[in-house]
Amino acid sequence: MNRYDYHRPTTLTEALARKAETKDARFIAGGTDLMVRIRGKDVVTPALISLRSIPEIAGVSLDGGACIGAATTIGDLVRHEGLGARYPALAQAARRIGSQQIRNAGTIGGNVCNASPCADTALPLLVHEARVGLASAGGKREIPIADLFCGPRATCLKADEIMTHVLLPAPSPKAKAVFLKKGRVMMDLSVASVAVLLELNGDTCVKARVAAGSVGPTPLRLKDAEAILEGKRITDDLLTKACEAAMRGVSPITDVRSTAEYRRHIVGVFLKRAVLGLLGRETA
Ligand SMILES: Cc1cc2nc3c(=O)[nH]c(=O)nc-3n(C[C@H](O)[C@H](O)[C@H](O)COP(=O)(O)OP(=O)(O)OC[C@H]3O[C@@H](n4cnc5c(N)ncnc54)[C@H](O)[C@@H]3O)c2cc1C
């Protein structure tokens, strides 16, 4: 492994100043993705700037919605009282990430900024239409999470930008959401995963949001499936059409974890299971 300097700033301003001093330095949070890439010589850097000792970008606050600091660990999401009740799909996704050790080190910011198609927290954040806060020496901005991902392991973040927080809007009292993940074994990256948010008026779907992971170059929103469900009473026939649209809307690959065909199949199965579950009907 190459040698590198290690900085541990305690404020955002200091972290940004360190980055300005060393152009090719990399930000590191829990290191559970980045250290693997450094060890594999996939990433070479002269310096690491740790984001783990900056209190202003850690922690969860709930008001109408939720503001989650980017350096909040996945374990803290799981343990937070109140977050899971308001955003169950996010808590379900967090609980399915890695092992206890990985959850205690890995952060939500790292999960999202690593931009893997299988990033588990990305799916609930997509269906809740979260926004992410970014800060650089040039100022602050906020963008929809959907605009963050631009390719496998690629985000639209500028090299000197730090993700500071994730903002989740207050869920409608009529909204319900769920996250489903298929791994080869219980503790595994997903073969395929789906998150669904439905706002229901009886059996009528007022709003549908569907996202899928490990079935395209980035975590995906499946808007065709959403459009089929929205504004209609959810019948078996309608749900079949939505599942077919979801399966058409993904572009999975075959790799060591699964075949493309199986991944596509799981998307249809999970969308059906999620919708029936949220409707309180018998699941397939
Ligand atoms: C054994 C193992 C099992 C795993 N299982 C899962 C799993 O089941 N599901 C899953 O989704 N992931 C899994 N992962 C991947 C990883 O643990 C998560 O993605 C984790 O949330 C990454 O967070 P981190 O803080 O460790 O990121 P880091 O490794 O510190 O950083 C990842 C990337 O994001 C950048 N970054 C981090 N924070 C910020 C920020 N605030 N602003 C700007 N850039 C930032 C870094 O520069 C780096 O490029 C697993 C990893 C391992 C090693």
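If you're wondering where the values come from, they're calculated on a predicted model, not measured in any experiment. (Residues numbered from 1 in each chain as written. Predicted model: local features only at pLDDT ≥ 70, side-chain atom pairs only at ≥ 80, totals over all residues.)

## Things to note about the overall build of the protein chain
Helix and strand counts for the protein chain come out as eleven helices and 15 strands. Compactness check: the protein chain gives a C-alpha radius of gyration of 19 Å against a globular reference of 19 Å for 284 residues, within 12% of the reference. Its C-alpha atoms give the protein chain principal-axis dimensions of roughly 60 × 45 × 30 Å. Residue pairs at least 24 apart in sequence account for 61% of intrachain contacts in the protein chain once pairs closer than 6 positions are excluded. (Helix = DSSP H or I, 4+ residues; strand = E, 2+ residues; numbered from the N terminus. Rg over C-alpha atoms; globule rule 2.2 N^0.38 Å. Contact = placed C-beta atoms within 7 Å.)

## Examining helix α10 (residues 236-248)
One turn of the α-helix equals 3.6 residues, which is why residues spaced by three or four share an orientation. Helix length check: α10, at 13 residues, gives a terminal C-alpha distance of 18 Å against a target of 18 Å (1.5 Å per residue), a fit within 8%. Burial in α10 covers these residues: Leu 239, Ala 242, Cys 243, Ala 245, Ala 246 and Met 247. (Expected span 1.5 Å × (residues − 1). Buried ≥ 20, exposed ≤ 12 C-beta atoms within 10 Å, placed from the backbone.)

## Digging into the domain arrangement of the protein chain
Assigned domains within the protein chain: domain 1 (5-50), domain 2 (60-168) and domain 3 (177-279). Once you take the C-alpha centre of each, domain 1 and domain 3 turn out to be 35 Å apart. (Domains from an automatic or database assignment.)

## Observations concerning the site of the ligand
Lining the immediate environment of the ligand, one finds 31 residues, of which Ala 29, Gly 30, Gly 106, Gly 110 and Asn 111 sit closest. Every element with two or more residues in the shell around the ligand is listed here: β2 (26-28), α2 (34-39), α6 (100-105), α7 (108-113) and β10 (162-168). The leading source of residues in the shell around the ligand is α7, at four residues. Tallied by class, residues from the shell around the ligand come to 18 nonpolar, ten polar and three charged. Residues lining the shell around the ligand come from more than one domain, with at least three contributed by each of domain 1 (5-50) and domain 2 (60-168). (Near = placed C-beta within 6 Å. Nonpolar A, V, L, I, M, F, W, Y, C, P; charged D, E, K, R; others polar.)

## Looking at the environment of Arg 3
By the secondary structure assignment, Arg 3 is in the segment before β1 (5-7). Taking the C-alpha atoms as reference points, Arg 3 and Ser 251, 248 residues apart in sequence, are found 39 Å from one another.

## Remarks on unusual backbone geometry
If you check the backbone angles, Lys 41 has positive phi at about 60 degrees while not being a glycine. When you line up the elements, Lys 41 lands in the loop between α2 and β3 (47-50).

## Some details on the nonpolar core
Among the nonpolar cores identified, the biggest contains 85 residues, and Val 127, Ala 195, Val 196, Ala 246, Val 267 and Leu 271 are the most heavily contacted of them. Leaving out residues up to four positions away in the same chain, Val 267 has contacts with Ala 192, Val 194, Ala 212, Val 215, Ala 246, Met 247 and Val 250. (Core = buried A, V, L, I, M, F, W, Y, C linked by C-beta atoms within 7 Å.)

## Some words on the environment of Pro 252
With respect to the helices and strands, Pro 252 occurs in the loop between α10 and α11 (260-279). Under the C-beta neighbour-count criterion, Pro 252 is labelled buried, with 23 such atoms within 10 Å. Here the alpha-carbon distance between Pro 252 and Val 215, two residues 37 residues apart in the chain, equals 4.0 Å. When residues no more than four places from it in sequence are discounted, the contact partners of Pro 252 are Val 215, Gly 216, Ala 260, Arg 263 and Arg 264.

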